[in-house]
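A structural walkthrough
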Amino acid sequence: MPLIPAKALPYFENMIYLPMLLIVLQRDRELLEKGPFKLKGPYLKIIDATMTQVQSELQETKFYLRRHDMKVIRKDRDSMFTEYIFISGGYEDHRRYLNVRLRNRTEELLDSYFTRSGNYSASH
């Protein structure tokens with residue numbers, strides 16, 4: 001029987017992926033601002049809207065973790081894996097994530113956020 005409740009896992013993983021998304025978005029925004037694009041405005045709006053949405057979800061996740069006395073700690077990282085410790089109810093769950101999987105999942109989430117931003121912009 002797992003010691004960490006299954007319903008808590010998405011919140012733990014949000015604490016891994018959402019900060020990664022913000023880093024990627026911020027770096028891409030800086031590159032876009034410095035790049036030779038003629039019409040930067042629309043791209044910057046998409047990035048900014050996505051960052052706002054990600055930050056909001058990250059705040060909600062932090063609030064949930066705080067309210068349920070849960071914590072995520074990034075531990076060891078090597079060329080293949082990154083280890084995280086999920087703490088809940090006095091129990092620790094050590095999980096190792098493939099770095100390639102972290103990157104791919106971050107890309108999937110970014111695509112999902114951009115799609116949502118695109119749908120939002122098109123309807124307004």
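Criteria and thresholds
- Residues numbered from 1 in each chain as written.
- Predicted model: local features only at pLDDT ≥ 70, side-chain atom pairs only at ≥ 80, totals over all residues.
- Heavy atoms only, no water.
- 1 Å grid on protein atoms, 1.4 Å probe; cavity = no way out; pocket = protein on both sides within 12 Å on 5 of 7 lines; lining within 4 Å.
- Points joined across faces, edges and corners; volume = space filled by probe spheres on them.
- Helix = DSSP H or I, 4+ residues; strand = E, 2+ residues; numbered from the N terminus.
- Nonpolar A, V, L, I, M, F, W, Y, C, P; charged D, E, K, R; others polar.

Quick notes on the layout of surface pockets
Roughly 290 Å³ of volume is contained in the largest pocket. Lining the largest pocket are 15 residues, and of these I16, P19, M20, R74 and Y84 lie nearest its centre. Listing elements by their share of the lining of the largest pocket, those giving two or more residues are α1 (9–34), β1 (70–77) and α3 (99–123). With five residues, α1 is the largest single contributor of residues to the lining of the largest pocket. Per-class residue counts for the lining of the largest pocket are ten nonpolar, two polar and three charged. There is about 210 Å³ of room inside the second largest pocket. What lines the second largest pocket is simply M20, I23, V24, R27, D28, L31, R103, T106 and E107. Of all the secondary structure elements, the ones that give two or more residues to the lining of the second largest pocket are α1 and α3. In terms of residues, the lining of the second largest pocket owes the most to one element, α1, which gives six residues. Among the residues making up the lining of the second largest pocket, the classes are represented as four nonpolar, one polar and four charged.

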